[in-house]
Amino acid sequence: MNKHHRAEDPDTSRQAAESLKLELKDVHFYLLQHHYYHQDSDGNAGQVALEKGFVRSAETGRRASRTLREVYKLTEYKNDPQTRKPAVVQGRLSQRFGQRNFLTNAGLELLEDLNEMEEA
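Note that the structure is a prediction, hence the values are computed from the model and not measured. (Residues numbered from 1 in each chain as written. Predicted model: local features only at pLDDT ≥ 70, side-chain atom pairs only at ≥ 80, totals over all residues. Heavy atoms only, no water.)

1. Points about the side chain of H35
- Counting through the fold element by element, H35 comes out in helix 2 (residues 26-38).
- Overall, the relative accessible area of 0% leaves H35 in the buried class.
- If we skip the residues at most four places from it in the chain, H35 touches D40, S41, A45, S65, L68, T75, N101 and L103. (Helix = DSSP H or I, 4+ residues; strand = E, 2+ residues; numbered from the N terminus. Buried < 20%, exposed > 50% of the residue type's maximum accessible area, 1.4 Å probe, protein only. Contact = heavy atoms within 4.5 Å.)

2. Re a nonpolar patch on the surface
- On the surface, a cluster of nonpolar side chains totalling about 310 Å² of accessible area is made up of Y36, Y37 and L108.
- Structurally, Y37 is set in helix 2. (Patch = residues over 30% accessible without salt bridge, like charges linked within 9 Å, V, L, I, M, F, W, Y side chains within 5 Å. Areas by Shrake-Rupley, 256 points an atom, 1.4 Å probe, with all protein chains shown as cover. Salt bridge = Lys/Arg side-chain N within 4 Å of Asp/Glu carboxyl O.)

3. Looking at a negative patch on the surface
- Taken together, the side chains of E109, E112, D113, E116, E118 and E119 define an acidic patch exposed on the protein surface.
- Checked against the element boundaries, E116 lands in helix 5 (residues 105-119). (Lys, Arg positive; Asp, Glu negative; His and termini not counted. Charge placed at Lys NZ, Arg CZ, Asp CG, Glu CD.)

4. Structural notes on the nonpolar core
- One finds V27, L31, L32, A49 and L68 to be the most contacted residues of the largest nonpolar core, which totals 13 residues.
- Broken down by secondary-structure element, the contributors of at least two residues to this core are helix 2, helix 3 (42-51) and helix 4 (58-70).
- Of all the elements, helix 2 adds the most residues to this core, at four residues. (Core = buried A, V, L, I, M, F, W, Y, C linked by side-chain atoms within 4.5 Å.)

5. As for the pattern of salt bridges
- According to the stated counting rule, one finds six salt bridges in the structure shown.
- Close ionic contact of R62 with E59 constitutes a salt bridge, the shortest N to O distance being 2.6 Å. Of this pair, R62 and E59 both sit in helix 4, separated by three residues, roughly a single helical turn.
- We classify R62 as partly exposed; its relative accessible area is 23%.
- For the salt bridge of R63 with E59, the shortest nitrogen-to-oxygen distance reads 3.1 Å. Of this pair, R63 and E59 both sit in helix 4, separated by four residues, roughly a single helical turn.
- In this structure E59 comes out as partly exposed when scored by relative accessible area, which is 33%.
- Within the structure, one salt-bridge network assembled from shared partners comprises D42, R66, R69 and E70.

Pasting the structure below:
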């Protein structure tokens, strides 16, 4: 019996994520700002969101960071201009490396709008 699991297929995983009724929450806005300042990995951002009290587990924070990239297209991975390899950062709690998230133009615009709303 060959069961197809969505975690094994990026396209299926992406379609499942897009079909969910997702809305931006406080954790997403916090992570957007975090990635603006730190260009961090999903895993590191998830750990920070846990430490700041936005989520109950680092995994939930990691998923929220991933949602910003995969569903809302507010962040993206980029290559390091010098090495032309993915830009990475070491894990906060491990020796593993994760790809850095950079804000897209849409992410920058949303962050600017949020900052303007706070100033008003």
